[in-house]
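If you want the building blocks of each chain, they are given just below.
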Amino acid sequence: MEYTDIIKNRYSVRSYSDKKITEEELHYILEAAKYAPTAKNKQPHKIYVLKSDEAIEKINSLCKCIFGAKTVLMVCYDKNEEWTSPLGDNFQSGLVDSTIVCDQMMLAAWNIGIGSCWVGYFNHNEVEKAFNLPENIKINSLLLLGYPSEDSKPMESKHSVYRPMEEIITEL
Ligand SMILES: Cc1cc2nc3c(=O)[nH]c(=O)nc-3n(C[C@H](O)[C@H](O)[C@H](O)COP(=O)(O)O)c2cc1C
């Protein structure tokens, strides 16, 4: 698919078909994480794949925004592996790095006809605890994956409202 089509036509899928994505499709999406840029190439991201009935049930009990997805990526970063700026402003890159990773996977999924929804509405501490993540592993977001259901469509109020370019871009 053309890159412009991917970024303009993608929308958050909030209704999934029961059919699971294939291992090949999942691999293609996960590979997009491998090639993502990260600060100083530290690659602090860690991705946990939730697709067993048990894991999907658990995440459903902790997050109201799973929308019937059968595959959920828990996109995390390792506090021990992220880059810390030496310039005294305490900037740490893990959150930014893992956000880029999540975005690349989201676009890779759409490129092969798989829908996704980026989800941040859950208690991060509770989810980290429920999945027994080590202390140094922090969750950025959940990325839901699946085939859009037949009646899936963009949520008007949350998709098709764009700020004008002049409002978001300032030349200095
Ligand atoms: C950081 C982040 C957190 C989000 N959290 C949620 C969420 O918890 N639940 C949800 O339904 N959508 C969530 N979204 C999806 C946004 O609502 C959606 O991307 C936005 O409304 C634009 O719509 P579109 O993706 O259909 O273009 C999130 C998106 C981002 C980038």
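In this report, we go over the structure that sits alongside the text. Predicted, not measured: the structure shown is a model, and the values here were computed from it.

1. Some details on the packing of aromatic side chains
Applying the stated criterion across every chain, the model contains two aromatic pairs. Between the aromatic rings of Y11 and W110, the centroid separation amounts to 5.5 Å while the plane-to-plane angle is 75°, which identifies the pairing as edge-to-face. Here W110 lies in helix α4 (residues 94–111) and Y11 lies in the loop between α1 (3–9) and α2 (23–34), a separation of 99 residues in the sequence. Owing to a relative accessible area of 9%, Y11 belongs among the buried residues under this scheme. K19 extends its terminal NZ or CZ atom over the ring of Y147, reaching a point 4.6 Å from the ring centre.

2. Observations regarding the environment of A55
With respect to the element layout, A55 can be found in helix α3 (residues 53–62). Considered as a pair, A55 and T71 are 16 residues apart in the sequence and their alpha carbons are 9.5 Å apart. For A55, the contacting residues outside a window of four places in its chain are L50 and F131.

3. A short note on the site of the ligand
The ligand sits among 13 residues. The nearest are S12, R14, W118, K158 and H159. At 2.9 Å, a backbone N or O of W118 approaches a nitrogen atom of the ligand. Here an oxygen atom of the ligand and a backbone polar atom of K158 are 2.6 Å apart. Computed on the free molecule, the ligand has an accessible area of 620 Å², of which 67% lies beneath the protein chains in the complex. Broken down by element, the shell around the ligand gets its largest block of residues, three residues, from strand β3 (residues 115–119). For the shell around the ligand, the residue count by class is seven nonpolar, three polar and three charged.

4. Overview of unusual backbone geometry
Positive phi, close to 55°, is recorded for K40, a residue that is not glycine. Looking at the element boundaries, K40 is found in the loop between α2 and β1 (45–50). In this structure, N41 takes a positive phi of about 55° despite not being glycine. Within the secondary structure, N41 sits in the loop between α2 and β1. Classification of N41 as exposed rests on a relative accessible area of 53%.

5. Notes on the pairing of strand β4 (residues 137–146)
Burial runs high along β4: nine of the ten residues are buried. Pairing of strand β2 (residues 71–78) with β4, which is carried by eight bridges, proceeds in the antiparallel orientation. For Y77, the partnering residue across the bridge sits in β4 and is K138. In this structure, β3 lies alongside β4, joined through five bridges in antiparallel fashion. What sits directly across from W118, in β4, is L143.

About the criteria used
Residues numbered from 1 in each chain as written. Predicted model: local features only at pLDDT ≥ 70, side-chain atom pairs only at ≥ 80, totals over all residues. Heavy atoms only, no water. Phe/Tyr/Trp six-rings, centres within 6.5 Å; stacked < 30°, edge-to-face > 60°. Helix = DSSP H or I, 4+ residues; strand = E, 2+ residues; numbered from the N terminus. Buried < 20%, exposed > 50% of the residue type's maximum accessible area, 1.4 Å probe, protein only. Lys NZ or Arg CZ within 6 Å of the ring centre and 35° of its normal. Contact = heavy atoms within 4.5 Å. Near = heavy atom within 4 Å. Polar contact = N/O pair within 3.5 Å; in protein donor to acceptor, adjacent residues only side chain to side chain. Areas by Shrake-Rupley, 256 points an atom, 1.4 Å probe, with all protein chains shown as cover. Nonpolar A, V, L, I, M, F, W, Y, C, P; charged D, E, K, R; others polar. Pairing = 2+ DSSP bridges.

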